[in-house]
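Okay, here's what each chain looks like letter by letter:
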Amino acid sequence: MNADADENSPALTSGGFVMGKDGMAALVDMLVRHGFTVVGPTVRDGAIVLAELRSADELPYGWGVELEAGRYRLRERPDGAAFANSAGPQSWKPFLHPSRVREWNADRVDGELVLTADQDTPGRYAFLGVRPCDLRAIAIQDRVLTGGAYRDPVYEGRRTGALLIAVECTEPGATCFCVSMGAGPAAGPGYDLVMTEVVDEDGHRFFVRSGSREGAEILAGLPARPADPYTRRTADAAVTAAADRMGRTMPETDLRELMAATLDAPRWDDAAGRCLTCGNCTMVCPTCFCTTTEDVTDLTGDHAERWRLWDSCFDLDFSHLHGGPVRASARSRYRQWMTHKLGTWYDQFGSSGCVGCGRCIVWCPVGIDITEEAAALHDWTQSGATQESGP
Ligand code: SF4
Ligand code: SF4
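Thresholds applied
- Residues numbered from 1 in each chain as written.
- Chains lettered and ligands numbered in written order.
- Predicted model: local features only at pLDDT ≥ 70, side-chain atom pairs only at ≥ 80, totals over all residues.
- Heavy atoms only, no water.
- Buried < 20%, exposed > 50% of the residue type's maximum accessible area, 1.4 Å probe, protein only.
- Helix = DSSP H or I, 4+ residues; strand = E, 2+ residues; numbered from the N terminus.
- Pairing = 2+ DSSP bridges.
- Contact = heavy atoms within 4.5 Å.
- Near = heavy atom within 4 Å.
- Nonpolar A, V, L, I, M, F, W, Y, C, P; charged D, E, K, R; others polar.
- Expected span 1.5 Å × (residues − 1).
- Axes fitted to C-alpha atoms, helices over the stretch in contact; angles between N-to-C directions.
- Salt bridge = Lys/Arg side-chain N within 4 Å of Asp/Glu carboxyl O.
- Domains from an automatic or database assignment.
- Buried area = accessible area lost by both parts, 1.4 Å probe.
- pLDDT = per-residue confidence, 0-100.

J.: I'm lost on the pairing of strand β9 (residues 163-167) in this one. Help?
T.: Residues in a regular strand point their side chains to alternate faces of the sheet. Burial analysis of β9 places five of its five residues in the buried class, the great majority of the element. A two-sided burial pattern is seen for β9, the buried positions comprising Leu-163, Ile-165 and Val-167 on one face and Leu-164 and Ala-166 on the other. Bridging between β9 and strand β10 (residues 193-200) involves three bridges; their strand directions are parallel. Residue Ile-165 lies in a different strand from β10, and its bridge partner there is Leu-193.

Laid out in structure tokens, this is it:
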């Protein structure tokens, strides 16, 4: 969307605007009226999930979260903030790269096979509350799914025209490490609008800037006033403070080189001893993109369908070639996942595959922590054991 950015637009070049909760309500109303499918955070089933919103009243005003390895809890917030919480169980991946897509179906009609290709027509999304780490993750998936020789039509159809409204992080979770991955807590490029939520004695408000012509046009239609210096400074200070309060950090080393240098480290056996190979980490990860294909028929044999489903490198079938899986052990599968995220992703796509959202830590049923594993591997290289381990 920000390809349309016009640097001469007044709203783009200004120092930003401030709006209250009425502005947030007007924003959602305007987007719904203009036919967008508005998706944003809301409280459901004991978590802050991403779901279609019909009004801003559904935002998680007054809810925060407590995160730890293998643990997620909601907690009430006396300040009534809507976005003072960190990444929930979903990213935007299920909306842009759905877990199940029917590609075609076929029927036997009068002895003839009739094939029908399925068309994905989801309408236009407006994503409200995109965290900086997830904004980076969307950019990574753009590169993976539309930036090469083979463009994924489902992703491209959903991503083209999607309006991205980012919200900068002021309340990092205990499992967040976006600073280590250079992905937050301030928003990078790619948004149409970006907001920072401020709640203090001067009231509950949002410091809003635009990043595209469409974002500027939307902002111009909202009940917002030019940002006062105090709100701007307070918002900037909150984001800076969030960077200083990250729950986790990655070891300060070249992670790509670390992964390449530790393929034989004993730590992989340790991780494999705890890993259930359930694949949760790949499902919640906003950048994991692998899929498999499944053909199904009904009992009559007159109807068949081809589905594309999310897959995981933790699944034994994922690396099945003739004769068996290439990665038969939990050690090899965990190592494949982590070394791809932090190392070989650079070779394939020119960046890290991890944005530091911490979801894989929170939603791992046994609390395996990618930052702890990386630190243990780093310690191993510092101990001099690499020379003794051989090839
Ligand atoms: S690291 Fe955790 S979430 Fe990932 S496959 Fe292993 S047990 Fe499951
Ligand atoms: S590897 Fe973990 S922390 Fe990194 S982007 Fe994926 S889910 Fe987030």
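Read on for the rest.
J.: Got a minute to help me understand the environment of Thr-291 in this structure?
T.: In this structure, Thr-291 sits in strand β13 (residues 291-297). By relative accessible area, which is 33% here, Thr-291 ends up partly exposed. Thr-291 sits 98 residues away from Leu-193 along the chain, and the two C-alpha atoms are 31 Å apart. Residues contacting Thr-291, with those up to four places away along its chain left out, are His-97, Arg-308, Leu-309, Trp-310 and Asp-311.

J.: Would you mind showing me how to read the site of ligand 2 here?
T.: Neighbouring ligand 2 are Phe-177, Cys-285, Pro-286, Trp-337, Lys-341, Cys-354, Val-355, Gly-356, Cys-357, Gly-358 and Cys-360. Considered class by class, the residues forming the shell around ligand 2 number eight nonpolar, two polar and one charged.

J.: In this structure, what is going on with helix α7 (residues 229-244)? I would like to understand it.
T.: The α-helix advances 3.6 residues per turn, and as a result positions three or four apart in sequence lie on the same side. Look at α7: 23 Å from first C-alpha to last across 16 residues, which is about the 22 Å you get at 1.5 Å a residue. In the core, the buried residues of α7 are packed alongside β1 (17-20), β10 and β11 (203-210).

J.: Sorry, what's going on with the sheet that holds β13 here?
T.: Pairing between the strands of a sheet comes from backbone hydrogen bonds, and it takes one of two forms, parallel or antiparallel. The strand order across the open sheet formed by four strands is β7-β6-β14-β13, and the pairing between neighbours is antiparallel. With one partner strand each, in any of the chains shown, β7 (112-117) and β13 form the two edges of the open sheet. On average, each strand axis in the sheet is inclined to that of its neighbour by 20 degrees, with strand direction left out of account. Here seven bridges tie β13 to strand β14 (residues 303-310), and the two strands are oriented antiparallel to one another. Note on β14: the bridge partner recorded for Val-296 is Glu-305.

J.: Mind showing me how you'd approach the pattern of salt bridges here?
T.: Pairs may arise between side chains of opposite charge once their charged atoms sit close together. Tallied over the entire structure, the rule returns 27 salt bridges. With its nearest N and O atoms 2.9 Å apart, the salt bridge here joins Arg-209 to Glu-168. One end of the pair, Arg-209, is in strand β11; the other, Glu-168, is in the loop between β9 and β10, with 41 residues separating them in the sequence. In this structure Arg-209 comes out as buried when scored by relative accessible area, which is 17%. By relative accessible area, Glu-168 is classed as buried at 8%. Linked by salt bridges that have partners in common, Arg-267, Asp-270, Arg-274, Glu-372 and Glu-373 make up one network.

J.: When you look at the side chain of Arg-327 in this model, what are you seeing that I'm missing?
T.: With respect to the element layout, Arg-327 can be found in the loop between β16 (324-325) and α11 (330-349). Arg-327 has contacts with Leu-316, Phe-318, Ser-319, Ser-332, Arg-333 and Gln-336, leaving out every residue within four places of it along the chain.

J.: Any chance you could explain the domain arrangement of the protein chain here in plain terms?
T.: Split into domains, the protein chain comes out as domain 1 (2-99 + 108-244) and domain 2 (255-389). Between the C-alpha centres of domain 1 and domain 2 the distance comes to 27 Å. Contacts between the two partners involve 34 residues from domain 1 and, on the opposite side, 34 residues from domain 2. For the pair domain 1 and domain 2, the summed buried surface comes to about 2,800 Å²; carbon and sulfur atoms form 60% of the total. A per-residue breakdown of the area domain 1 buries against domain 2 is headed by Lys-93, Phe-177 and Met-181, which together make up 21% of the total. At the boundary of domain 1 with domain 2, the tally comes to three salt bridges.

J.: It is not clear to me how the confidence of the model for the protein chain should be interpreted in this structure. Could you clarify?
T.: Do not read the predicted coordinates in detail wherever pLDDT is low. Mean pLDDT over the protein chain: 93, with 95% of residues reaching 70 or higher. Note that pLDDT drops below 50 for residues 1-13; the model gives that stretch 28 contacts with residues more than four away or on any other chain.

J.: Is there a simple way to explain unusual backbone geometry in this structure?
T.: Peptide bonds are trans in most cases, and residues, glycine excluded, mostly fall at negative phi. Here the bond from Gly-184 into Pro-185 is cis, since omega is 5 degrees, no more than 30 degrees from zero. If you trace the backbone, Pro-185 turns up in the loop between β9 and β10. Although it is not a glycine, Thr-277 sits at a positive phi angle of roughly 50 degrees. Relative to the helices and strands, Thr-277 resides in the loop between α9 (267-274) and α10 (280-284).

J.: I'm lost on the environment of Gln-119 in this one. Help?
T.: Here Gln-119 shows up in the loop between β7 and β8 (125-130). C-alpha of Gln-119 to C-alpha of Arg-102: the two residues are 17 residues apart in sequence and 8.9 Å apart in space.

J.: Can you walk me through the sheet that holds strand β3 (residues 47-52) in this structure?
T.: Spatially, eight strands are ordered β3-β2-β8-β9-β10-β11-β1-β12 in an open sheet, and the strand pairing comes out mixed. Each edge of the open sheet carries a strand with a single partner, namely β3 and β12 (224-226). Neighbour to neighbour, the strand axes of the sheet diverge by 30 degrees on average, direction disregarded. This element, α7, spans β1, β10 and β11 of the sheet and lies at about 95 degrees to β10.

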